[in-house]
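As a plain string of letters, each chain reads:
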Amino acid sequence: EQPIFSTRAHIFQIDPNTKKNWVPTSKHAVTVSYFYDSTRNVYRIISLDGSKAIINSTITPNMTFTKTSQKFGQWADSRANTVYGLGFSSEHHLSKFAEKFQEFKEAARIAKEKSHEKMELTSTPSQESAGGDIQSPLTPESINGTDDERAMPEVTQNSEPRAEPTQNALPFTHSSTISKHWEAELATLKGNNAKLTAALLESTANVKQWKQQLAAYQEEAERLHKRVTELECVSSQANAVHTHKTELNQTIQELESTLKKKEEEIEGLKQEIENARELQAQRDSLTQKLQEVEIRNKDLEGQLSDLEQHLEKSQNEQEAFRNNLKTLLEILDGKIFELTELRDNLAKLIECS
């Protein structure tokens, strides 16, 4: 036998006593593989936990793999007298396993039909061997491991230093801080909204399924009531009718209890839907506030631009004023020097006279 497809999953088996509860047969996720036996022309599902085989199931044409949830599937094996359940890490792995199950089930059906044809035509020599008719329906790529065994590369982010703002840019920096704060809250709310939307969709699907179950339970209860009425009309089997009636009444009570629990679960789901709507309203309010902050930010940017232009104009005027003062000082120095020379000349004239 050769493995032709492998994946990893948590394995369960139905409780042989209750036939309702699942019993885990592996403590952690183990490898589950499809095998092809070319000598017997059969496909098998095999899983080992160490040296112990916890699944050894031969695929037959009458088997059916059922998806009971987004990550869980099951099938019944009449030869092993049990029901196997597999819990996967993602919906993609479950869908892939189900596709392979259907593919190998079809291959098993074709192999069985060819085997019957070969038995019917034993008097005529066969031109091709049975082993040559059945080919493995998988490509070699499926043997190279599962998707969850591939490592994901780590992504790092480089942070750049941010320059300190000047005194004139303080209003703009404060506005940017407020804007970033609201953007962070909006991103958090968007993530919560996405999670709540997914939970809401899943809850809606569960509600529909439970409503169908409720309708089925109600139909069953009505059928049981009618059956009780019919049995009460049969006087010759009074004791048997009484016993059967007691059992049916007990079954009806159990169904009514189940209906009550389902109704309570539906009420809880409705409350969750209301909470999700309130969060949606809060998200809309924060979005509107963020837009107002962005508009105010643009106004502050315009004011900052006007202040920068005014500052530049004032600096130019101060520079021109400094240049004029410098020119006046130079002229004043020249006049002072001329007055000094004139004083010296007058002093000399006074001394000579």
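What counts and how
- Residues numbered from 1 in each chain as written.
- Predicted model: local features only at pLDDT ≥ 70, side-chain atom pairs only at ≥ 80, totals over all residues.
- Heavy atoms only, no water.
- UniProt positions renumbered as here; feature names shortened; annotations may be inferred.
- Patch = residues over 30% accessible without salt bridge, like charges linked within 9 Å, V, L, I, M, F, W, Y side chains within 5 Å.
- Areas by Shrake-Rupley, 256 points an atom, 1.4 Å probe, with all protein chains shown as cover.
- Salt bridge = Lys/Arg side-chain N within 4 Å of Asp/Glu carboxyl O.
- Lys, Arg positive; Asp, Glu negative; His and termini not counted.
- Charge placed at Lys NZ, Arg CZ, Asp CG, Glu CD.
- Helix = DSSP H or I, 4+ residues; strand = E, 2+ residues; numbered from the N terminus.
- Buried < 20%, exposed > 50% of the residue type's maximum accessible area, 1.4 Å probe, protein only.

As annotated in an unreviewed UniProt entry, the chain is Homer protein homolog 1 from Catharus fuscescens. Entered under Sequence similarities (unreviewed entry) in the UniProt record, the comment concerning the chain runs "Belongs to the Homer family."

Q: Could you give an account of a negative patch on the surface, with specific residues and numbers?
A: Residues Glu263, Glu264, Glu265 and Glu267 make up a contiguous surface patch of negative charge. Along the chain, glutamate 265 falls in helix 4 (residues 238–352). Its relative accessible area of 34% is what places glutamate 265 among the partly exposed residues.

Q: So what about the pattern of salt bridges? Which residues, and what values?
A: Counted by the stated rule, this structure contains nine salt bridges. Across the pair aspartate 37 and arginine 40 runs a salt bridge, and its minimum N-O distance is 3.2 Å. When its relative accessible area of 10% is taken as the criterion, aspartate 37 is described as buried. We note a salt bridge from aspartate 284 to arginine 283, for which the minimum N-O separation is 3.7 Å. Taken together, the shared-partner salt bridges connect Glu106, Arg109 and Glu113 into one network.

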